[in-house]
Protein chains: 2
Amino acid sequence: MTNSPAAATMLPTSLDLSEAPCLRLDLAAPDVTAAVSAAALLADPTRSAVLAMLRDGPHCVCEISAALHERQNNLSMHLARLRDAGLIRRTLIEADARRVYYERDEAACAKALAQLFDLLAKSESRR
Amino acid sequence: MTNSPAAATMLPTSLDLSEAPCLRLDLAAPDVTAAVSAAALLADPTRSAVLAMLRDGPHCVCEISAALHERQNNLSMHLARLRDAGLIRRTLIEADARRVYYERDEAACAKALAQLFDLLAKSESRR
DNA sequence: GTGTTGTATCAGTCCACATTGAGACAGTTT
DNA sequence: AAACTGTCTCAATGTGGACTGATACAACAC
């Protein structure tokens, strides 16, 4: 009855370092702006699905729109955000000048991945 | 004067595949829910900075709060979201039972990274 | 020319979520 | 016991961003 809701979720691991607590209140805030920007782009299902679809080569807007069941104007906005971030680029298909094809910029994708890697990988793995 | 704003941003790369356009309107939508969930967690500056701070070992809430200049209750909510996702966990420091320490769950972080890797890495690199 | 298709952009609406402010609770100190 | 510190939770507010609807434009077919 005196059970607090906070105690219910308190399931800590025992870490037995019996050294002095010695608070560090002067720690510097890490710069994570690049990783946050990359993550924000991937945090939308439509944008992530676009990047996934383009892994196996270019596709035109109508193909992507049909596959994702997304309205064309919404998809166009998401494509613009990915394009502004440099992760995808337009591609001309000579035999089909009417449609707009998009392809991934693998170098930009690798760079974004590296920024997320720096955030999530173990300390020994980084650098 | 007849310059359209769309044409201004049209800077495509020349990709000379003169095969038939052959639209694929039956493409399957890729499943990106796991990667999107991981990215959504990282898409907030506070949460990303917490993960970055915990790379070099556990820290208590007040240390993180001071370093990030975040109000404690906001930080507590972000910590709860990272904890619910399994990326961090509470840690007991015996010499300092008053404070709550958090540490990264490296296995969970590696799993999240793998999901993002699957989305962003080149096709040859995946699987 | 007109009509149709494919894509982009804009204004407006809506909603998830980050923040604020207040309060509750546990552990420590006196 | 009271006072204080550290952390968590809740209700209310504010806002970025995703969606809707409409429109504009280019390329092609007629």
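To be clear, the structure that these remarks concern was listed above.
The present account deals with the structure reproduced in this document. Computed from a prediction, not measured in an experiment: that's the story for all the values here.

A word on the protein's contact with DNA strand D
Phase 1: Taken together, the neighbourhood of DNA strand D is formed by 20 residues, with A:Asn73, A:Asn74, A:His78, A:Arg81 and B:Tyr102 sitting nearest.
Phase 2: A share of 65% of the atoms of DNA strand D within 4 Å of the protein falls on sugar and phosphate groups.
Phase 3: Here a phosphate oxygen of DNA strand D sits 3.2 Å away from a polar atom, N or O, in the main chain of B:Val100.
Phase 4: Going through the elements one at a time, helix H5 (72-85) of chain A together with helix H4 (61-68) and helix H5 (72-84) of chain B are the ones with two or more residues in the surface near DNA strand D.
Phase 5: Ranked by residues supplied to the surface near DNA strand D, first place goes to H5(A) with 4 residues.
Phase 6: When its residues are assigned to classes, the surface near DNA strand D shows 6 nonpolar, 8 polar and 6 charged.

Some thoughts on the interface of chain B and chain A
Phase 1: With 67 residues of chain B at the contact, the number on the chain A side is 67 residues.
Phase 2: Summed over both sides, the interface between chain B and chain A buries roughly 5,600 Å², with carbon and sulfur atoms accounting for 68% of that surface.
Phase 3: Considering only the surface of chain B that becomes buried against chain A, B:Arg55, B:Arg90 and B:Leu120 emerge as the three largest contributors, covering 13% of it.
Phase 4: Between A:Arg55 and B:Asp118 there is a salt bridge, with the nearest N and O atoms lying 3.4 Å from each other.
Phase 5: Elements supplying a minimum of two residues to the side of chain B that touches chain A: helix H2 (33-42), helix H3 (45-53), strand E2 (59-60), H4, strand E3 (88-92), strand E4 (101-104) and helix H6 (106-120) of chain B.
Phase 6: The element contributing the most residues to the side of chain B that touches chain A is H6(B), with 9 residues.

Re the protein's contact with DNA strand C
Phase 1: Close contacts around DNA strand C come from 22 residues, with A:Arg90, A:Tyr102, B:Asn74, B:Met77 and B:Arg81 the closest.
Phase 2: Protein-proximal atoms of DNA strand C, defined as those within 4 Å of the protein, fall in sugar or phosphate at a share of 63%.
Phase 3: In the environment of DNA strand C, a phosphate oxygen lies 2.7 Å from a nitrogen or oxygen atom belonging to the side chain of A:Arg90.
Phase 4: A distance of 2.8 Å separates a base oxygen of DNA strand C from a polar atom in the side chain of B:Asn73.
Phase 5: Looking at the surface near DNA strand C element by element, the count peaks at 5 residues for H5(B).
Phase 6: Here the surface near DNA strand C is built from residues that sort into 7 nonpolar, 8 polar and 7 charged.

The rules behind these values
Residues numbered from 1 in each chain as written. Chains lettered and ligands numbered in written order. Predicted model: local features only at pLDDT ≥ 70, side-chain atom pairs only at ≥ 80, totals over all residues. Heavy atoms only, no water. Near = heavy atom within 4 Å. Polar contact = N/O pair within 3.5 Å; in protein donor to acceptor, adjacent residues only side chain to side chain. Helix = DSSP H or I, 4+ residues; strand = E, 2+ residues; numbered from the N terminus. Nonpolar A, V, L, I, M, F, W, Y, C, P; charged D, E, K, R; others polar. Contact = heavy atoms within 4.5 Å. Buried area = accessible area lost by both parts, 1.4 Å probe. Salt bridge = Lys/Arg side-chain N within 4 Å of Asp/Glu carboxyl O.

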